[in-house]
Amino acid sequence: MKDLGLRYNERSWAIDLISYINSQISQDDAIQHAGGEWTLSSETQSLFPDVLLFGDQSKGNVLQGWELKLPDTPIQDNVFIDKAKNKAIILGLDSFVAWNAQSAHLYIKNTERDIFELHNEPLYHNTDLRTRQDVENRPDLWQEAARIILKKLNSFFISGVIVGTSPDAIFKNESFIVQLLSCQSEVKAFIDQKIITDGQFDAKVKLWWKYVKNQYPGYSSPSVALAFFVLLRWFNRFVFSNILKAYNIPLKDIEKIKEETSVEDALSFFHNASLTRDFWHVLGPADFDAMIPERVWKILLSFNDFLQQFNFGQIDRPVLQSILKSVLLSSIKKAAGIYATPPELAHLLVLLSLDDKSSTAIDPFCGTGTIVKAILTIKSDFNIAGYQAAQSTWACDKFAFPVQISTLMISSPENMKEPLRVFTHDALTLSPGEKISFINPSNGEKQNIEIPRFSAIISNLPFIQFEDIEELNRLVNQKIADFYNSHSVERECRLDGRSDFYAYVPFILYDLLEDGGRLGIIISNSWLSTGWGIKFRELLQDFYTIECIVTSAKGRWFSNTDVVTNLLICQKKTQDTPKQIKFVATQKQLSESNVGDVATDILANSPDSDNAYINIIPESQLSVIDSLNIGWTSCFADMSWLLEHLEKLELLSNHMLIPRGARRGWNDLFYPSQEYWPSIEDIFLKPVLKTIRGKYNLTVSADHKAFSCSHSMEELNADGYTGALAWIKRYENGVNTKGKPLVKVLARSNLKWYEMDTSTKTDFVLSVNPDDRLFIAKTNEPIFVDQRLVRIVREDNNTNMKLLHALMNSCISMFLIEALGFGRGLGVLDINATKIRRGFRIPRLDLIEQQAVCEIIDAFSPLCDREVLPVTEEIQQADRQNFDKVILHSIGIPEDICNDIYSALLTLYNIRKSVDQ
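What counts and how
Residues numbered from 1 in each chain as written. Predicted model: local features only at pLDDT ≥ 70, side-chain atom pairs only at ≥ 80, totals over all residues. Heavy atoms only, no water. Axes fitted to C-alpha atoms, helices over the stretch in contact; angles between N-to-C directions. Helix = DSSP H or I, 4+ residues; strand = E, 2+ residues; numbered from the N terminus. Parallel < 35°, antiparallel > 145°, perpendicular 65-115°, else oblique. Left-handed = near helix turned anticlockwise from the far one by under 90°. Contact = heavy atoms within 4.5 Å. Nonpolar A, V, L, I, M, F, W, Y, C, P; charged D, E, K, R; others polar. 1 Å grid on protein atoms, 1.4 Å probe; cavity = no way out; pocket = protein on both sides within 12 Å on 5 of 7 lines; lining within 4 Å. Points joined across faces, edges and corners; volume = space filled by probe spheres on them. Pairing = 2+ DSSP bridges. Disulfide = S-S within 2.5 Å. Core = buried A, V, L, I, M, F, W, Y, C linked by side-chain atoms within 4.5 Å. Buried < 20%, exposed > 50% of the residue type's maximum accessible area, 1.4 Å probe, protein only. Phe/Tyr/Trp six-rings, centres within 6.5 Å; stacked < 30°, edge-to-face > 60°. Lys NZ or Arg CZ within 6 Å of the ring centre and 35° of its normal. Salt bridge = Lys/Arg side-chain N within 4 Å of Asp/Glu carboxyl O.

1. Considerations on the packing of helix 7 (residues 184-197) against helix 8 (residues 199-212)
Step number 1: Two elements in contact, helix 7 and helix 8, have axes separated by 5 Å at closest approach and are oriented at 120 degrees. As summarised for this structure, helix 7 and helix 8 are arranged oblique, according to the angle between their axes. Crossing of helix 7 over helix 8 shows left-handed handedness. Across the interface between the two elements, Ile191, Lys194, Ile195 and Thr197 of helix 7 pack against Gly199, Phe201, Asp202 and Val205 of helix 8.
Step number 2: Partitioned by chemical class, the residues of the contact of helix 7 with helix 8 number 4 nonpolar, 2 polar and 2 charged.

2. Remarks on the layout of surface pockets
Step number 1: For the largest pocket, the calculated volume is near 1,200 Å³.
Step number 2: Forming the boundary of the largest pocket are 43 residues, of which Thr530, Phe822, Asp830, Asn832 and Lys835 lie nearest the centre.

3. A closer look at the sheet that holds strand 14 (residues 513-524)
Step number 1: The mixed open sheet is built from 9 strands, whose spatial order is 10-9-8-13-14-16-15-17-18. Both outer strands of the open sheet, strand 10 (421-424) and strand 18 (612-618), are each paired with one neighbouring strand and no more. Between one strand and the next, the sheet's axes are offset by a mean angle of 15 degrees, whatever the strand orientation.
Step number 2: In this sheet, strand 18 lies alongside strand 17 (residues 580-586) in antiparallel orientation, the contact comprising 7 bridges. By the bridge assignment for strand 18, Ile581 is matched with Ile617.

4. Notes on the state of the cysteines
Step number 1: Within this structure, the stated rule accounts for 0 disulfides.
Step number 2: With no disulfide of its own, Cys548 lies closest to Cys570 among cysteine sulfurs, the gap being 9.7 Å.

5. A closer look at the nonpolar core
Step number 1: In this structure, Trp527, Leu568, Trp632, Phe815 and Phe840 are the most contacted members of the largest nonpolar core, which totals 130 residues.
Step number 2: With 9 residues, helix 35 (residues 897-913) is the largest single contributor of residues to this core.
Step number 3: Once you skip the residues sitting within four places of it in the chain, Phe840 turns out to touch Glu650, Leu651, Leu652, Ile776, Met808, Ser813, Leu816, Ile817, Leu820 and Lys835.
Step number 4: In this structure, Leu91, Ile257, Ile292 and Trp297 belong to the second largest nonpolar core, which totals 60 residues.

6. Considerations on the packing of helix 30 (residues 811-820) against helix 35
Step number 1: Where helix 30 meets helix 35, the axes come as close as 9 Å, and the angle between the chain directions of the two elements is 30 degrees. Taken together, the axes of helix 30 and helix 35 are roughly parallel relative to one another. Crossing angle aside, the handedness with which helix 30 passes helix 35 is left-handed. Taking contact as the criterion, the partners of Cys811, Ile812, Met814, Phe815, Glu818 and Ala819 in helix 30 are, on helix 35, Cys898, Ile901, Tyr902, Ala904, Leu905, Leu908, Tyr909 and Arg912.

7. Brief notes about the packing of aromatic side chains
Step number 1: Applying the stated criterion across every chain, the model contains 42 aromatic pairs.
Step number 2: Ring geometry for Trp527 against Phe536: centres 5.6 Å apart, planes inclined by 90 degrees, an arrangement best described as edge-to-face.
Step number 3: Residue classification places Phe536 among the buried residues on the basis of a relative accessible area of 0%.
Step number 4: Note on Trp641 and Phe815: the rings are 5.1 Å apart at their centroids and 75 degrees apart in plane angle, and the pair reads as edge-to-face. Note that Trp641 is positioned in helix 24 (residues 640-644) and Phe815 in helix 30, a separation of 174 residues in sequence. Per residue, the accessibility class of Trp641 equals that of Phe815, and both read buried.
Step number 5: In this structure, Arg237 is placed above the aromatic ring of Trp234, and the distance from its NZ or CZ to the ring centre is 4.4 Å.
Step number 6: The side chain of Lys572 reaches across the aromatic face of Tyr510, ending 4.3 Å from its centre.

8. Let's talk about the pattern of salt bridges
Step number 1: This structure, assessed with the given rule, holds 30 salt bridges.
Step number 2: We note a salt bridge from Arg912 to Glu818, for which the minimum N-O separation is 2.7 Å. Placement of Arg912 in helix 35 and of Glu818 in helix 30 is noted, with a sequence separation of 94 residues between them. Taken as a pair, Arg912 and Glu818 share a single burial class, namely buried.
Step number 3: Here the salt bridges do not stand alone but share partners, grouping Arg866, Glu874, Asp879, Arg880 and Asp884 into one network.

Here is the structure:
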């Protein structure tokens, strides 16, 4: 006969024990409820203790977890204790109980040492329970033990020796979600196998990845990010569906999702539930939801069962809101690097964009919902009722996961019964009057609500470079063409084809705005100082009045990307009236405590603000700045001194040729490492200046050798140039990173594929990526230079090179180098030969008398005898200040203007370098 006693295991005992504990609880006890029936079978490791003790129902507090073993496991068994300890850590608990029926030991966390320590005496010990059969047959013994243990524990909880944890703290605890997502590798393997065996699925994943890969930095494989995506959707879905019970929006069959429920059955349940309740974007199915292997699915089910132990209907609303916030933050933090708008930045953007707080607003690229949340928060701050705020606030995103996160972000007790206007939609196809279907969560009725014209469009726009637009969003070209046609935009006024994605959005969404409506967007700073940015600015000013451009002079707003961003606030034009634009540089890192003051100072144009430097420039003055070919990056500084004395300056290109250095490609071939020089004949190695990085003197010499050979390979062989021939053959069969043969890639007209024209020499050089030192160096002899450098070459042999060198290194020149470029994410300046040729100015030579020439050269001499210092130190040097004043005096500019130039230079320099803070 089969031994029935072997069928009684830890799970069986746990179920009986939980039932007994609940029968013994009194109203005055700290322990108010026991749960734990979610414990999984032995083949799948559970994340949770076998028994959980709960406290105050209004707070949902979890007091303690118990790990159970039958007597055949020793109470000191290391695996037994470690498992109990790890589960306590996952839930953020400060104690746990290990009980093997015979003995019950209490472990309490020593917070100073951050370890769990065994309490000085057992909670219970009885040697009469020796076997599994004893536990099954003598419930009276373990029930008596349970009463004793509960009595002792209640005293510990009441006295504060043990305090437990709150449900929102559980979700804040990083260990919890890390443990839940530790099975990501299994989901990835499951997805990878599906990719191998299902071509259609493979294509679907690749298409998804093309659209979202920019949001997942550091991931080269889509299956890694997709695994997180799938797990987090289920995680959020289970949390939200259980919490909905607290708002009298019951999902009647949520309790039926148990251990035996399949993925398909659960998806069917949530699909049906979302048809009769709102929150489709949290509950409803989405692509890839079914990509869960069986073992991982069991873990997710155990998590759902764990949630069902909380009586969410009894938990106070503020606690529930805190739980949702914790879930949301955990999801964003673990969403494989998804770019979330910092809350303080979102708050500032909304305060600057939402003039009428009661008006309708939309974030059409809502991402993780931070901006939508800021809109609702600000509406609430202005005493707009929750239901009214929900009705006037819209959001959409092209993908389901961001919409799910956004829905969680904005869900609150005030709007839980109001249809949230959050939906999945491609922003580029939004149109006024289009009907969007929502479900009223309070009665399950379907509502078709028309998209209105909005008073404000507020968003953090996707960063997609122009090279990727055709592949990622071909609709852009069609939609911008529709805009050009409907608004009669002449061809010469249209955007440059090299424009990044965000440049198209203000025009494609133009008709969504009501007249006078505001557009508030977060975009890259590239539009301020690039060639395509000129067309963008011109077209923008045709249709919008630019009110405000905000940048940070105190640290990067987005820490997880190298892209430097601006806030751009515009108003849809209603009449063509002269305006002025505020260029604002925030002077403090944004925080919850100061963002309101920052916004107030910007809106009020506060002249003495410690929060923001505000430079107001009339549009008429901007047209002059544009004519100087200086980017709008310069407008964050006061340039009145430059505009006032502009007639005393002239383009450097009036006197010098300004091309870029040699651009040949495949540096390994053309710039051999020094170890190879002896093996190549000297005739084929030409001196070259590759970079001035690390060189801080005002004069430079060649620092490397370039390989260049005009001989055919046959000639080399015949003339015995075996070194050069061997060097060429080294690359003859090589391919580039795309697999194309180098002999074809490097082919140039009138040049051998291995030949570099080193005849182009230069007299002066400027780095195309200056960092903290801004200067133009003179070469000790005319030399060949690399593309990393801008060449400045004399046209007239009669040019006074010493004077010109001095004039190119004045404080005016330093400012113009800074103003002509724009800051990259790593804090270096991006500049090129075209910008220098078109915009770099020096004092007019015809204004400088001969005596002044000598004075300038003499004042410049001390600078040539020392290293150039970082900008902040350089302008403090006495020799520098004397030199700059001599130059200003020579062309009739008052010497005290020197301080204005230094101030403007420091303003732009500090903005650029602030990304390092």
